Amino acid sequence: MANEAKPCPCDIGDRMDYGGLGQEVQIEHIKAYVVKPSSASDKAIIVIQDIYGWRLPNTRYMADMFAANGYIAVCPDFYTGKEPWGPSHDWSKFQEWLEDRKPTNINKEVDAVLRFLKEQCGAKHIGAVGFCWGGVATHYLTLQYPDVKAGVSVYGIIREREDRYDLKSPTLFIFGEKDEVIPLDQVSALEAKLKEKCTVDYQVKVFPGQTHGFVHRKREDINPTDKPSIQEARTDMLNWLNKYM
């Protein structure tokens, strides 16, 4: 996620031209993109957007990947209709924009999505995966929601909460070595504190040479040097979810 010194560079990399295989639905007060696997499943993933919002093709591509691997995937509009960040926006206004879009202020939306997954989709095992802003939100869910059985936070960590190491669900944290938003000293501190305080399974994994956004923003077919890291990170996500769900 972003801080004032280094605003979030989620627009770096390759934005996919991708339409998506699912459909948009209304879940109580929010809209969401939902995609289901080809055969019936009681496992579901909440896919959480980066700052560019729930309609970003890259994030929908990730949701479709989870569905192809047997999960119901739902990508809600956690900004509840408010404008997502855009490439033409002024970075000096980023903190002001973020003020009413905090990734730790999403309980009402999460509650609605959990009801939808349980009551309308028959989900019995629910996990969360988030990117950037959504990585922070996923970290928050694994602190607050025992119903979320596994989490994968991709380049996002909570920095300000006292209880941020008290994970309730097994959580995989994925980072890029060259991420200027989350420097390696912060990653090392996270790992040390989790080792000291966390009572559930966790893993902190850093990918050499990779930058913020590499897992869901770069297209492996046009970044041959990055392809192994992208594919490995995506496999890690699926293996983590499969193990704990």
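Here's a quick rundown of the structure.

Reading the values: the criteria
Residues numbered from 1 in each chain as written. Predicted model: local features only at pLDDT ≥ 70, side-chain atom pairs only at ≥ 80, totals over all residues. Heavy atoms only, no water. Buried < 20%, exposed > 50% of the residue type's maximum accessible area, 1.4 Å probe, protein only. Helix = DSSP H or I, 4+ residues; strand = E, 2+ residues; numbered from the N terminus. Pairing = 2+ DSSP bridges. Polar contact = N/O pair within 3.5 Å; in protein donor to acceptor, adjacent residues only side chain to side chain. Axes fitted to C-alpha atoms, helices over the stretch in contact; angles between N-to-C directions. Contact = heavy atoms within 4.5 Å.

## Concerning the pairing of strand E2 (residues 30-35)
Right, on to step 1. When you tally the buried positions in E2, you get five out of six residues, the bulk of the element.
Right, on to step 2. Pairing analysis gives five bridges linking strand E1 (residues 23-27) to E2, with the strands arranged antiparallel. Its bridge partner being in E2, Val25 is matched across the sheet by Ala32.
Right, on to step 3. What sits between the antiparallel neighbours E1 and E2 is a turn of two residues, in which Glu28 has the positive phi angle 50°.
Right, on to step 4. Here four bridges tie E2 to strand E4 (residues 72-76), and the two strands are oriented antiparallel to one another. Looking at E4, one finds that Val34 is bridged to Val74.

## A word on the side chain of Ser153
Right, on to step 1. Within the secondary structure, Ser153 sits in strand E6 (residues 148-154).
Right, on to step 2. What makes Ser153 buried here is its relative accessible area of 0%.
Right, on to step 3. From its side chain, Ser153 meets the backbone oxygen of Gly135 in a polar contact 2.8 Å long.
Right, on to step 4. Within the local environment of Ser153, its side chain forms a polar contact with the backbone oxygen of Gly156, the two atoms lying 2.5 Å apart.

## Structural notes on the sheet that holds E6
Right, on to step 1. Strand order in the open sheet made by the eight strands is E1-E2-E4-E3-E5-E6-E7-E8, with mixed pairing throughout. In this open sheet, the two strands that pair with only one neighbour each are E1 and strand E8 (202-207). Going from strand to strand, the sheet's axes swing by 20° on average, the running direction of each strand aside.
Right, on to step 2. In the packing of helix H5 (residues 184-197) onto the sheet, contacts are made with strand E7 (171-176) and E8, and the angle to E8 comes to roughly 160°.

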